[in-house]
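# Commentary on secondary and tertiary structure
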Amino acid sequence: MVFSVHPPNHQYGLEVLGSAARQRLKRGNGSRIHSLIQGTVASWLSSRGFDVYPEERLGEDLVADIYAESPWATVIVEVETGFIDPRALDRPEVYLLARVVAKASRYSRYADYFTVAIPSYLSLDEAALRAVLSGDPTPLGAGGAWEVLALVRRPRPGGLQEARVDAILRVNVTRRSVQVEPLRRGLLL
């Protein structure tokens with residue numbers, strides 16, 4: 001499904017972002033694309049009836065890029081821009097996969113739906129993501145799963161068994177559109 005968001009008189013839905021996200025716009029390009037994706041998704045969720053809370057504190061050390069709630073569901077959206085740590089330049093696909101898995105292990109338990117928003121030009125291997133979340137570490141590399149996960153932050157203890165990604169939100173910032181790729185049946189977004 002593709003949904004377009006064209007808020008009247010607003011650029012990229014940034015009016016719904018908090019001050020931390022607006023501050024990122026003043027910094028480098030990586031931070032700017034993060035904020036533009038965050039603003040587009042926040043505006044899209046708001047247009048679908050969700051109350052949107054950017055940069056929402058979830059626990060002692062967790063801050064969700066977007067926490068949204070409605071009468072029927074709560075949603076956490078983590079924005080993934082495709083940053084690759086220089087130590088993982090020889091395996092960027094594995095690093096991206098590990099980042100998503102680590103985020104799922106930390107955040108997915110805090111909402112009915114956990115989603116990852118990525119720019120439309122970024123490729124995320126959904127089959128590999130499903131495999132890792134089902135307990136098969138093979139897509140993360142033979143014997144190197146924890147080495148790669150350690151680069152992105154260790155998952156919450158026991159979190160890999162409970163981790164889930166319910167949907168991938170592919171965001172076209174130019175068009176201000178969101179395409180939902182459900183990874184779970186019955187997704188109500």
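Read on for a plain summary of the structure. (Residues numbered from 1 in each chain as written. Predicted model: local features only at pLDDT ≥ 70, side-chain atom pairs only at ≥ 80, totals over all residues. Heavy atoms only, no water.)

### Notes on the overall build of the protein chain
The cut-off we apply is this: In DSSP terms, a helix is any run of H or I states spanning at least four residues, a strand is any run of E spanning at least two, and both are numbered starting from the N terminus. Each residue's exposure class comes from its accessible area (1.4 Å probe, protein chains only) as a fraction of the maximum for that residue type: buried when under 20%, exposed when over 50%, partly exposed otherwise. Throughout, a contact is declared for two residues whenever any of their heavy atoms are within 4.5 Å. Here the Shrake-Rupley method, with its probe set to 1.4 Å, supplies the accessible areas, and only the displayed protein chains count as covering residues.
When helices and strands are tallied, the protein chain shows 6 helices and 7 strands. Order of helices (α) and strands (β) in the protein chain, N terminus to C terminus: β-α-α-β-β-β-α-β-α-α-α-β-β. Burial analysis of the protein chain (189 residues in total) assigns 52% to the buried set. Contacts in the protein chain between residues at least 24 apart in sequence constitute 63% of all its contacts with a sequence separation of at least 6. Total accessible area on the protein chain is roughly 9,300 Å²; 49% of this is exposed by carbon and sulfur atoms.

### Looking at the packing of aromatic side chains
Operational definition: Any pair of Phe, Tyr and Trp rings, taking the six-membered ring for Trp, is counted once the centres come within 6.5 Å. Such a pair is stacked with planes under 30 degrees apart, edge-to-face with planes over 60 apart, and tilted for the rest.
Scanning the entire structure with this criterion turns up 2 aromatic pairs. Judged by centre distance (5.4 Å) and plane angle (70°), the ring pair of Phe50 and Trp72 falls under edge-to-face. Taken together, the positions of Phe50 in the loop between α2 (29–47) and β2 (51–57) and Trp72 in the loop between β3 (63–69) and β4 (74–79) put the pair 22 residues apart, joining distant regions of the chain. Exposure remark for Phe50: the relative accessible area of 3% places this residue in the buried category. Exposure remark for Trp72: the relative accessible area of 44% places this residue in the partly exposed category. With centroids separated by 6.5 Å and ring planes inclined at 15°, the aromatic side chains of Tyr107 and Phe114 adopt a geometry described as stacked. Like Phe114, Tyr107 is buried.

### Notes on the side chain of Lys103
Examined against the element boundaries, Lys103 turns out to sit in helix α3 (residues 92–107). Residue classification places Lys103 among the buried residues on the basis of a relative accessible area of 10%. Excluding residues that lie within four positions of it along the chain, Lys103 makes contacts with Glu78, Val79, Glu80, Ser108 and Phe114.

### Digging into the packing of α3 against helix α4 (residues 126–133)
Let me state the cut-off plainly: In this analysis an axis means a line fitted to C-alpha atoms, helices contributing only their contacting stretch, and an angle means the value between N-to-C directions, from 0 to 180 degrees. Relative orientations are named as follows: roughly parallel for angles under 35 degrees, roughly antiparallel for angles over 145 degrees, roughly perpendicular for angles from 65 to 115 degrees, and oblique for any other angle. If you view the pair so one helix is near and one far, a crossing is left-handed when the near helix is turned anticlockwise from the far one by less than a right angle, and right-handed when it is turned clockwise.
At a minimum axis separation of 10 Å, α3 and α4 run at an interaxial angle of 45°. The orientation of α3 with respect to α4, classified from their angle, is oblique. Once α3 is placed against α4, the crossing between them reads as right-handed. Counted together, Leu97, Val100, Val101 and Ala104 of α3 and Ala128, Leu129, Val132 and Leu133 of α4 form the full contact between these two elements.

### Quick look at the nonpolar core
Our working rule: Buried Ala, Val, Leu, Ile, Met, Phe, Trp, Tyr and Cys residues form a nonpolar core when they are joined through side-chain atoms within 4.5 Å.
The biggest cluster of nonpolar side chains holds 28 residues, and the ones touching the most others in it are Ile76, Leu129 and Val165. Elements with a minimum of two residues in this core: β3, α3, β5 (113–119) and α4. With 8 residues, the top contributor of residues to this core is α3. Beyond its immediate sequence surroundings of up to four residues, Leu129 is in contact with Leu97, Val100, Val101, Leu124, Val165, Ile168 and Leu183. Ile33, Ala68, Val75 and Leu187 belong to the second largest nonpolar core, which has 25 residues in total.

### What to know about the pattern of salt bridges
So the rule is basically this: The term salt bridge refers to a pairing of a side-chain nitrogen on Lys or Arg with a carboxyl oxygen on Asp or Glu at a separation within 4 Å.
Tallying each qualifying case throughout the model produces 7 salt bridges. In this structure, the salt-bridge partner of Arg87 is Asp85, at a minimum N-O distance of 3.0 Å.

### Description of unusual backbone geometry
If you check the backbone angles, Glu55 has positive phi at about 55° while not being a glycine. The topology assignment puts Glu55 in strand β2. One non-glycine residue with positive phi stands out, namely Arg176, at about 55°. Here Arg176 shows up in the loop between β6 (167–172) and β7 (177–182).

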